Each structure stands twice: as structure tokens, then as C-alpha cells.
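Here is what each chain is made of, one letter per residue.
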Amino acid sequence: ATEDQVDRIIAKYWPDAKPVVVLKLDSSKLEGKLIYEANIGGTTKYYHLYQGFIPMNSIVESKINKPKL
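All values derive from a computational prediction rather than experimental measurement.

Scoring rules and cut-offs
- Residues numbered from 1 in each chain as written.
- Predicted model: local features only at pLDDT ≥ 70, side-chain atom pairs only at ≥ 80, totals over all residues.
- Heavy atoms only, no water.
- Helix = DSSP H or I, 4+ residues; strand = E, 2+ residues; numbered from the N terminus.
- Contact = heavy atoms within 4.5 Å.
- Buried < 20%, exposed > 50% of the residue type's maximum accessible area, 1.4 Å probe, protein only.
- Polar contact = N/O pair within 3.5 Å; in protein donor to acceptor, adjacent residues only side chain to side chain.
- Patch = residues over 30% accessible without salt bridge, like charges linked within 9 Å, V, L, I, M, F, W, Y side chains within 5 Å.
- Areas by Shrake-Rupley, 256 points an atom, 1.4 Å probe, with all protein chains shown as cover.
- Salt bridge = Lys/Arg side-chain N within 4 Å of Asp/Glu carboxyl O.
- 1 Å grid on protein atoms, 1.4 Å probe; cavity = no way out; pocket = protein on both sides within 12 Å on 5 of 7 lines; lining within 4 Å.
- Points joined across faces, edges and corners; volume = space filled by probe spheres on them.
- Nonpolar A, V, L, I, M, F, W, Y, C, P; charged D, E, K, R; others polar.

Time to look at the environment of V22. Topologically, V22 is positioned in strand 1 (residues 20-25). As a C-alpha pair, V22 and D4 span 18 residues in sequence and 13 Å in three-dimensional space. With residues up to four places along the chain from it excluded, the contact list for V22 reads V6, I10, E61, S62, K63 and N65.

What follows is the structure, encoded as C-alpha cells:
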């Protein structure tokens, strides 16, 4: 997700969650194919990582976040 999408996504999928950990990634260090696209039937675009993984060295920041919505 982009930074602007994080609070909305947390509120939609984990409304009763306690604070969650949000990781900011350096996309140049991701393994695989990163695509910014809409889900099937949707119009809002999100990042999807295909045929890959998120290496630990791609994490540039972590924070505890509770949605503001």
C-alpha cells in the first residue's frame, strides 16, 4: 500500500486490531516482480509482489500504527 492507503486498509480489514506494525520498504531491494495495479473488479491501485519475497534488508522503517479513521 502507499502511505495514503495504510489507515484505510487497516480499518477495512482489521477494524478490531490492536496497533499493527507497518513496514516501509525500499522497493529496489525486493525480490520478484512488483506491480502497481487494481485488484480484479476494482479501480483503486495497490502494489502486488509476484514470484518473490521481501528480504529483511529492504525494510527501511517500522512503526506501530493504529488507523485514524
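Turning our attention to the environment of E3. Looking at the element boundaries, E3 is found in the segment before helix 1 (6-13). By relative accessible area, which is 61% here, E3 ends up exposed. Measuring from C-alpha to C-alpha, the distance between E3 and K24 comes to 8.7 Å, with 21 residues separating the pair along the chain. Separated by 3.5 Å, the side chains of E3 and K24 make a polar contact.

So, about a nonpolar patch on the surface. On the surface, a nonpolar cluster with roughly 460 Å² of combined accessible area is contributed by V21, L23, L25, I54 and I64. Counting residues per element, the nonpolar patch draws most heavily on strand 1, which supplies three residues.

Once that is clear, we can look at the layout of surface pockets. Taken as a whole, the largest pocket holds about 850 Å³ of empty space. Contributing to the lining of the largest pocket are 27 residues, with A1, T2, L23, K24 and L25 lying nearest its centre. Contributions of two or more residues to the lining of the largest pocket are made by helix 1, strand 1, strand 3 (45-53) and strand 4 (59-65). Sorting elements by how many residues they give to the lining of the largest pocket places strand 1 first, with six residues. In the lining of the largest pocket, the residues fall into 16 nonpolar, five polar and six charged. When its volume is computed, the second largest pocket comes out at roughly 210 Å³.

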